[in-house]
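Per-entry structural report
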Amino acid sequence: MQTDPEALESLDAPEWLSEDARSEWDRVMPILSERRILSAADLGSLENYCIAIGTVRETERHLQKYGHVLDVDGAFKRNPAVGIQADAIKTARLLAGELGLTPVSRSRPAIRDDRPDEDDPLNPAQFSMDLFGDARMQ
């Protein structure tokens, strides 16, 4: 993962986040700050990730208390919290990948710099110079 020279340092969680979401913010912010990959453009994704994790935890407490199946007038119905939690899990997983918080996302190659590396043998401009003795492709 490539570091950003203008990466944000550790920030406090927004006050409006739920307690569960703030707890997740406090857990991941030091990780992201240390990696120096979080920019101002990423704050919305981080907030949404924390909200999703907070929702997963909140719905888990609800499901532990009331169960996954409810008895509604003698008919068994799926607790709506099951779907809410499933959606939040999907959202959290997607955003965790975007933020580099999963093993798979951390193993991906870094985004390459737009500037050509003159010592890169796969750089077309370098290949052209080596082959033709000039910089036709630059």
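Throughout what follows, the structure given in this document is the object of discussion. (Residues numbered from 1 in each chain as written. Predicted model: local features only at pLDDT ≥ 70, side-chain atom pairs only at ≥ 80, totals over all residues. Heavy atoms only, no water.)

A look at the packing of helix H1 (residues 19-35) against helix H2 (residues 43-66)
Rule in force here: Note on definitions: angles span 0 to 180 degrees between N-to-C directions of axes, and those axes are lines fitted to C-alpha atoms, for helices only across the stretch in contact. Note on conventions: DSSP H or I runs of at least 4 residues are helices, E runs of at least 2 residues are strands, and numbering of each starts at the N terminus. Convention used here: angles under 35 degrees read as roughly parallel, angles over 145 as roughly antiparallel, angles from 65 to 115 as roughly perpendicular, and any remaining angle as oblique. Two helices that cross are described as forming a left-handed crossing if the nearer one is turned anticlockwise from the farther one by less than a right angle, and a right-handed crossing if clockwise. Any pair of residues with heavy atoms lying within 4.5 Å of one another is described as a contacting pair. When residues are grouped by polarity, Ala, Val, Leu, Ile, Met, Phe, Trp, Tyr, Cys and Pro land in nonpolar, Asp, Glu, Lys and Arg in charged, and all others, Gly among them, in polar.
At a minimum axis distance of 8 Å, the contact between H1 and H2 shows a crossing angle of 135 degrees. Classified by the interaxial angle, the pair formed by H1 and H2 is oblique. Relative to H2, the crossing made by H1 is right-handed. From H1, Asp20, Ala21, Ser23, Glu24, Trp25, Arg27, Val28, Met29 and Leu32 reach across to H2, where they touch Leu43, Leu46, Glu47, Tyr49, Cys50, Ile51, Ile53, Gly54, Arg57, Glu58 and Arg61. Its residues placed into classes, the contact of H1 with H2 shows 11 nonpolar, 2 polar and 7 charged.

Observations concerning the side chain of threonine 59
To keep things clear, this is the line we draw: Burial here depends on accessible area, computed with a 1.4 Å probe over protein chains only, as a share of the maximum for the residue type. Under 20% is buried, over 50% is exposed, and the range in between is partly exposed.
Among the secondary structure elements, threonine 59 is positioned in helix H2. By relative accessible area, which is 8% here, threonine 59 ends up buried. Beyond its immediate sequence surroundings of up to four residues, threonine 59 is in contact with Ala81, Ile84 and Gln85.

Some remarks on the pattern of salt bridges
Stated precisely, the cut-off is as follows: Take a side-chain nitrogen of Lys or Arg and a carboxyl oxygen of Asp or Glu: if they are within 4 Å of each other, that pair is a salt bridge.
By the definition in use, this model includes 4 salt bridges. Taking the shortest distance from any N to any O, the salt bridge between arginine 27 and glutamate 24 comes out at 2.7 Å. Remark: glutamate 24 and arginine 27 occur in helix H1; sequence separation between them is 3 residues, near one turn of the helix. Arginine 57 serves as the salt-bridge partner of glutamate 24, at 2.8 Å between the closest nitrogen and oxygen. Highlighted residues: glutamate 24 in helix H1 and arginine 57 in helix H2, separated in sequence by 33 residues. Exposure remark for glutamate 24: the relative accessible area of 1% places this residue in the buried category. Residue classification places arginine 57 among the partly exposed residues on the basis of a relative accessible area of 30%. Through salt bridges with shared partners, one network takes in Glu24, Arg27 and Arg57.

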